[in-house]
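One-letter residues, chain by chain:
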Amino acid sequence: RLADDGGMKLLVFGQPTSYVDQKAFARMIEKVELSGKVVEEVDSLSRDGIARMEAYDIVSTPALLVLNDDGAVISTWQHALPSYEEIGHAFGVFT
């Protein structure tokens with residue numbers, strides 16, 4: 001279980017394309033949400049989503065970013081999905 005992080009969150013841009021990756025991705029996001037973390041899914045095709053992708057230098061999806069409470073990027077994954085343990089490390093806890 002991930003500990004309270006004081007406002008950190010996971011931004012999610014896009015979805016995996018393969019069915020197997022989609023299922024693993026959904027399970028991972030669910031585990032993060034169940035741990036009490038904020039997960040924000042960003043529509044990477046919307047005007048706002050495109051602007052946010054540019055702001056965070058996202059060039060491929062799916063992409064996940066862990067942000068600290070002031071919005072600074074702690075960790076970024078693009079194209080390849082991280083493990084739950086990697087996300088835990090980014091949040092500063094060991095899982």
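See the structure shown above.
The present account deals with the structure reproduced in this document.

About the criteria used
Residues numbered from 1 in each chain as written. Predicted model: local features only at pLDDT ≥ 70, side-chain atom pairs only at ≥ 80, totals over all residues. Heavy atoms only, no water. Helix = DSSP H or I, 4+ residues; strand = E, 2+ residues; numbered from the N terminus. Contact = heavy atoms within 4.5 Å. Buried < 20%, exposed > 50% of the residue type's maximum accessible area, 1.4 Å probe, protein only. Pairing = 2+ DSSP bridges. Axes fitted to C-alpha atoms, helices over the stretch in contact; angles between N-to-C directions.

### Focus: the side chain of Arg-52
Alright, step 1. As for its position among the elements, Arg-52 is in helix H2 (residues 47-55).
Alright, step 2. The contacts of Arg-52, once residues within four sequence positions are left out, are Leu-11, Phe-13, Glu-40 and Val-42.

### Observations concerning the side chain of Ser-44
Alright, step 1. If you trace the backbone, Ser-44 turns up in the loop between strand E2 (38-42) and H2.
Alright, step 2. Residue classification places Ser-44 among the buried residues on the basis of a relative accessible area of 17%.
Alright, step 3. Residues in contact with Ser-44, not counting those within four places in the same chain, are Gly-14, Gly-49, Ile-50, Met-53 and Thr-61.

### Brief notes about the sheet that holds strand E4 (residues 73-78)
Two strands in a sheet stick together by hydrogen bonds in their backbones, pointing the same way (parallel) or opposite ways (antiparallel).
Alright, step 1. Pairing within the open sheet is mixed, and its four strands lie in the order E2-E1-E3-E4. Among the strands making up the open sheet, the edge pair consists of E2 and E4. The sheet shows a mean angle of 15 degrees between the axes of neighbouring strands, direction not considered.
Alright, step 2. Bridge count between strand E1 (residues 9-13) and strand E3 (residues 63-67): five bridges; the pairing is antiparallel.

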